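Chain by chain, the residues run as shown.
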Amino acid sequence: MYEHLGELLTVLLTLDEIIDNHVTLKEHWTMYKRLLKSVHHNPSKFGIQEEKLKPFEKFLLKLEGQLLDGTIFQACIEQQFDSLNGGVSVSKNSTFAEEFAHSIRSVFANVEAKLGEPSEIDQRDKYVGICGLFVLHFQIFRTIDKKFYKSLLDICKKVPAITLTANIIWFPDNFLIQKIPAAAKLLDRKSLQAIKIHRDTFLQQKAQSLTKDVQSYYVFVSSWMMKMESILSKEQRMDKFAEDLTNRCNVFIQGFLYAYSISTIIKTTMNLYMSVQKPMTKTSVKALCRLVELLKAIEHMFYRRSMVVADSVSHITQHLQHQALNSISVAKKRVISDKKYSEQRLDVLSALVLAENTLNGPSTRQRRLIVSLALSVGTQMKTFKDEELFPLQVVMKKLDLISELRERVQTQCDCCFLYWHRAVFPIYLDDVYENAVDAARLHYMFSALRDCVPAMMHARHLESYEILLDCYDKEIMEILNEHLLDKLCKEIEKDLRLSVHTHLKLDDRNPFKVGMKDLALFFSLNPIRFFNRFIDIRAYVTHYLDKTFYNLTTVALHDWATYSEMRNLATQRYGLVMTEAHLPSQTLEQGLDVLEIMRNIHIFVSRYLYNLNNQIFIERTSNNKHLNTINIRHIANSIRTHGTGIMNTTVNFTYQFLKKKFYIFSQFMYDEHIKSRLIKDIRFFREVKDQNDHKYPFERAEKFNRGIRKLGITPEGQSYLDQFRQLISQIGNAMGYIRMIRSGGLHCSSNAIRFVPDLEDIVNFEELVKEEGLAEETLKAARHLDSVLSDHTRNSAEGTEYFKMLVDVFAPEFRRPKNIHLRNFYIIVPPLTLNFVEHSISCKEKLNKKNKIGAAFTDDGFAMGVAYILKLLDQYQEFDSLHWFQSVREKYMKEIRAVAKQQNVQSAGQDEKLLQTMNLTQKRLDVCLQEFELLYFSLSSARIFFRADKTAAEENQEKKEKEETKTSNGDLSDSTVSADPVVK
């Protein structure tokens, strides 16, 4: 009875502590009272009747006094227990006072013996009730047992604080001294000071012993789990059934005792630190988190074997009831055998019979309470011997524990207190990350964090508890991402990058020097359940790497091989199943991208020089120590990246560029100064061609060149003819780029089709699938394969005639009567070639100089441009009629022979200076002749691309004959088809 009264007083104490520690409640209550005063001054403003305010204020005062002042316990013990009308006087009942005090001491003796021991179960809660009973005894009888009071305070040396709720700590010494000030005066100062000093040093001692406690409990719990697994996995033998039940009972109770001890250490330590507002060391935090993991490990062990445990509990309960009934039966026989009759003996016998009858049934809480009350009477008059009573008490205690095993384990393993100590979670995650070997313990910590949810679902201070849950969920996930997942992602990415780039020797990766963490253990974890989601660390990191690799590959497509290697390494090293980016891949030999050149074609043709024979573009000048080049392989790789559709788009862009350039070309040719000079040169050639063997005079071209220079030069020292030459070179570069695009497309197609054994004999997969009668999906796949093979075969066999397209699109416009001024172009080619040769020699000479600005060794874009424009104007025959290159060759050969002749004459005169001058002259003439020869060869090669062997009229005639042939073939086939029925 006194124990139950103590439980009631414990509840009242807990309520007082909750209210005292609820700062927000007090603040809001004060604000509410202030609001009520405002209403009292002007009730009509708030629509309240004044006569109703006073009763309401009285009710609030009463509520505040009874509940919100934190005096619930005090109000309870200060009640008037004596009858006022001359009835029973409780305070003066010495027998009751003595019985009350004796009961408190008896209960305390049982509690003190087990408090702080490994077998402690609920002694701390009972100690709180004993303190409450002692204060109640003092309040009623106003007497103090100094020795017992000192014994109560001495417990504080063992247990300086007790956790009442998830976040409220209770100090028994403060309570006793506050509630019984008179008793405190009886103690000397040293005793009171020793209690306070012990409380202050308790935290330091606990912090120092935490690591040892963790190690000890780690061994204990691991051993218990193995024992539990072993006993529950073993088949029960009927001949040793009772022994097996006893072993199972002991193991279950041992697990509960471990859970109670660990839970007590965690709650007391954390709440003490929070109460005294002292920071915990990282070592203490890690140790407490380890204890939380052990606590949840015990709970999970019971949960994982819950089916076997539930089955065993029912058998163990019956076995314990059987043992208790045997003990009671022996005592009952002893009472019956005593022939002396008395009412007291009859009460004892009745109590034993009641206990027997109650034990014959399910072990409910009510039945166990009745048995406890019955035995408290039945054990009087030495009914049980000492060696019989203790085993009975042990059996009844075991029965209490086993009957409520699930609820008790769940209560002790409940970690809802972590809600008030969320600050430890980041430190815990940092520790998990640093010690990846124990990554699996994350499951236990998140299980503990989930325990906070049921308590939060009772929240009433918000519109909906869902708001609180969402905030909690968001906070935990942000901490998890920041302190574990994001760090893990970055570390994995860093490891993959350094492993792929090992050859660069970016840092010291010697594991004996810098250490090594096996982060792969994180990816062997099962998904962690938290709220309505599963946290899959493997999937999170995989998604991060996929996303990062994809985004970086799109930015720099030429790095596709590096990221592909990193994907493979992630699979091999960490077991991550990566997703292919499915982006068009590039190679390290990508060079300038076709797309970039296409978008900036006007810049490209001015900054790059074309080489006709090698089909290569070379950068004109660069700030770097090297020049960039672009060849067919680069173009092929780029086409493979973007697809063959980019080729047609490139031709369209080039067409737009040529339109703009030809407009400038037409303006130059239309200029009066240029047109008049060209007309004069044409007239002159016609007049003197018979005299010069139909060869255009070299001197006339030099004269034209000098005359153009007199018209003016640019600040860079370039004449109009120099600029015109550059224009034609840019047009030729554009055509050279189109040629390279076509060659690159053929190269790409050839690479794609190289796996087909025989291009002349490709089987039809669609027909083969139909013959085998395979599924519709297979038929579609075969049809698609046939289409792809057909496209690749056609593309590799023949390329699109882009040159012909660009000739056909511009030629009609060039040959129109309104553009008659363009017909003078062929006569400006000789001065242009002369200008080009001078420029080419100057560029090549700069190659041997220290300052290489403007140096170049090739510029075949000029030859391509001249050949293209001559084709557009259909002036190949007109230009050939000038016999210009023959004229140049004859002129230089004549001068070379003259210099050689003079050298022979002067060699006899031994004039060294004159000989040196002649040697230089001959060398210059040889170089000029060589450059003209190279230009002649380049121009001849370029003319082949535009079918220089045929005039426009001949091409039209050939085209007309082809169409007529096709038409006649069609008529023939039609007549054959119509004739078939007649033949039949």
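Predicted model, so just to flag it, every value in this text is computed and none were measured.

Visitor: Would you take a moment to explain the overall build of the chain for this structure?
Guide: Each helix and strand in the chain was counted, giving 40 helices and seven strands. Against the compact-globule benchmark of 30 Å for 984 residues, the chain has a radius of gyration of 53 Å, which places it well outside the compact range. Counting only C-alpha atoms, the chain reaches 170 × 85 × 80 Å along its principal axes. The proportion of buried residues among the 984 residues of the chain is 43%. For the chain, long-range pairs separated by at least 24 residues make up 76% of all intrachain contacts whose partners lie at least 6 apart in sequence. Just so you have it, the chain exposes about 55400 Å², and 54% of that area is on carbon and sulfur atoms. Across the chain, 131 positive and 122 negative side-chain charges occur, with their mean positions spaced 5 Å apart.

Visitor: Looking at this model, I keep getting lost on the pairing of strand β5 (residues 608–611). Mind explaining?
Guide: Here is the key point about a regular strand: its side chains alternate between the two faces of the sheet. Along β5, one buried face is formed by Y608 and Y610 and the opposite face, lined by L609 and N611, is buried too. As paired strands, β5 and strand β6 (residues 616–619) are joined by four bridges and run antiparallel to one another. Bridge pairing in β6 links N611 to I616.

Visitor: Sorry if this is basic, but what is going on with the domain arrangement of the chain here?
Guide: Size of an interface: often given as the accessible area lost when the parts come together. Its domain assignment divides the chain into domain 1 (1–81 + 90–187), domain 2 (417–574) and domain 3 (595–755 + 799–953). The gap between the C-alpha centroids of domain 1 and domain 3 is 107 Å.

Visitor: For this particular structure, what's the right way to read helix α29 (residues 672–688)?
Guide: The periodicity of an α-helix, 3.6 residues per turn, causes residues three or four places apart in sequence to face the same way. Compared with the 24 Å implied by 1.5 Å per residue over 17 residues, the 24 Å span of α29 between its first and last C-alpha is a close match. Those residues of α29 hidden inside the fold are in contact with α28 (645–670), α30 (698–710) and α35 (825–845). The N-capping residue of α29, defined by a side-chain oxygen 3.0 Å from the backbone nitrogen of H673, is D671.

Visitor: Before we go on, may I ask you to explain the sheet that holds β5 in this structure?
Guide: To summarise the sheet geometry, strands pair through backbone hydrogen bonds and adopt either a parallel or an antiparallel arrangement. The antiparallel open sheet is built from three strands, whose spatial order is β5-β6-β7. Each end of this open sheet is capped by a strand with a single partner; those strands are β5 and β7 (629–630). Bridge count for β6 against β7 is two bridges, and the pairing is antiparallel. Across the sheet, the residue bridging to I618 is T629, located in β7. Across the sheet, helix α31 (residues 720–753) is in contact with β5, β6 and β7; its angle to β6 comes to roughly 130°.

Visitor: Got a minute to help me understand the packing of aromatic side chains in this structure?
Guide: Aromatic rings considered in pairs are described by the distance between their centres and by the relative angle of their planes. Going through the model one piece at a time under the given rule, you end up with 52 aromatic pairs. Between the aromatic rings of Y696 and W884, the centroid separation amounts to 6.0 Å while the plane-to-plane angle is 70°, which identifies the pairing as edge-to-face. Here W884 lies in helix α38 (residues 884–909) and Y696 lies in the loop between α29 and α30, a separation of 188 residues in the sequence. According to the relative accessible area criterion, W884 is buried, its value standing at 1%. Residues F885 and Y936 carry aromatic rings whose centres are separated by 5.2 Å and whose planes lie at 55° to one another, so their mutual orientation is tilted. With a gap of 51 residues between them, F885 in helix α38 and Y936 in helix α39 (residues 912–945) connect regions that are remote in the sequence. By relative accessible area, which is 32% here, Y936 ends up partly exposed. These aromatic residues form a ring-pair network of at least three members: Y655, F662, F665, F668, F724, F803, F810, F814, F825, Y868, F945 and F946. Over the face of the ring belonging to Y419 we find R422, whose NZ or CZ atom lies 4.4 Å from the ring centre. The ring of Y670 has K675 lying over it, and the distance from NZ or CZ to the ring centre is 4.3 Å.

Visitor: Sorry if this is basic, but what is going on with a nonpolar patch on the surface here?
Guide: Taken together, the side chains of Y32, L35, F46, I48, F56 and F59 make up a nonpolar region of the molecular surface, amounting to roughly 540 Å² of accessible area. Elements with a minimum of two residues in the nonpolar patch: α2 (23–41) and α3 (53–68). Following the sequence through the fold, F59 ends up in helix α3. A residue is classified by how much of its surface remains accessible, and F59, at 49% relative accessible area, is partly exposed.

Visitor: How should the environment of T502 be read in this particular structure?
Guide: Inspection of the secondary structure puts T502 in the loop between α21 (465–500) and α22 (511–514). T502 sits 169 residues away from K333 along the chain, and the two C-alpha atoms are 88 Å apart.

Visitor: Just checking my understanding: could you explain the side chain of T317 for this structure?
Guide: Its place among the elements puts T317 in helix α13 (residues 306–337). Using a relative accessible area of 9% as the deciding quantity, one classes T317 as buried. Contact partners of T317, with chain neighbours within four places excluded, come to S363, L399, I402 and S403.

Visitor: Mind showing me how you'd approach unusual backbone geometry here?
Guide: In most cases, non-glycine residues show a negative phi, while peptide bonds are predominantly trans. Even without being glycine, R142 reaches a positive phi, approximately 55°. One can find R142 in the loop between α6 (123–141) and α7 (146–158). Of note, Q277 is a non-glycine position whose phi angle comes to about 55°, a positive value. Inspection of the secondary structure assignment puts Q277 in the loop between α11 (241–276) and α12 (282–304).

Visitor: Quick question: what am I supposed to make of the packing of helix α34 (residues 802–814) against helix α36 (residues 861–872) here?
Guide: For any two helices packed against each other, the geometry comes down to the angle between their axes and how far apart the axes lie. Packing of α34 against α36 brings their axes to within 8 Å, and their N-to-C directions diverge by 55°. The orientation of α34 with respect to α36, classified from their angle, is oblique. Residues F803, L806, V807, F810, A811 and F814 of α34 pack against M864, Y868, K871 and L872 of α36. Among the residues making up the contact of α34 with α36, the classes are represented as nine nonpolar, no polar and one charged.

Visitor: Any chance you could explain the nonpolar core here in plain terms?
Guide: Ranked by internal contacts, the top residues of the largest apolar core, which has 114 residues, are F252, L291, L418, L442, F446, F522 and I537. By residue number, the principal contributor to this core is α21, which donates 14 residues. Here L442 is in contact with Y428, L429, V432, L484, F522, L525, I528 and I537, once residues within four sequence places are set aside. Within the second largest apolar cluster, 91 residues are counted, among which are I635, I646, V829 and L870.

Visitor: Would you mind showing me how to read the pattern of salt bridges here?
Guide: When the charged atoms of two side chains with opposite charge come close together, those side chains can pair. Scanning all chains against the criterion turns up 43 salt bridges. E596 is the salt-bridge partner of R599, the closest N and O atoms lying 3.8 Å from each other. One end of the pair, R599, and the other, E596, are both in helix α25 (residues 594–599), three residues apart, so they sit about a helical turn from each other. Looking at E596, the relative accessible area reads 40%, which means it is partly exposed. Linked by salt bridges that have partners in common, R365, R368, D400, E404 and R408 make up one network.

What counts and how
Residues numbered from 1 in each chain as written. Predicted model: local features only at pLDDT ≥ 70, side-chain atom pairs only at ≥ 80, totals over all residues. Heavy atoms only, no water. Helix = DSSP H or I, 4+ residues; strand = E, 2+ residues; numbered from the N terminus. Rg over C-alpha atoms; globule rule 2.2 N^0.38 Å. Buried < 20%, exposed > 50% of the residue type's maximum accessible area, 1.4 Å probe, protein only. Contact = heavy atoms within 4.5 Å. Areas by Shrake-Rupley, 256 points an atom, 1.4 Å probe, with all protein chains shown as cover. Lys, Arg positive; Asp, Glu negative; His and termini not counted. Charge placed at Lys NZ, Arg CZ, Asp CG, Glu CD. Pairing = 2+ DSSP bridges. Domains from an automatic or database assignment. Expected span 1.5 Å × (residues − 1). Polar contact = N/O pair within 3.5 Å; in protein donor to acceptor, adjacent residues only side chain to side chain. Axes fitted to C-alpha atoms, helices over the stretch in contact; angles between N-to-C directions. Phe/Tyr/Trp six-rings, centres within 6.5 Å; stacked < 30°, edge-to-face > 60°. Lys NZ or Arg CZ within 6 Å of the ring centre and 35° of its normal. Patch = residues over 30% accessible without salt bridge, like charges linked within 9 Å, V, L, I, M, F, W, Y side chains within 5 Å. Salt bridge = Lys/Arg side-chain N within 4 Å of Asp/Glu carboxyl O. Parallel < 35°, antiparallel > 145°, perpendicular 65-115°, else oblique. Nonpolar A, V, L, I, M, F, W, Y, C, P; charged D, E, K, R; others polar. Core = buried A, V, L, I, M, F, W, Y, C linked by side-chain atoms within 4.5 Å.

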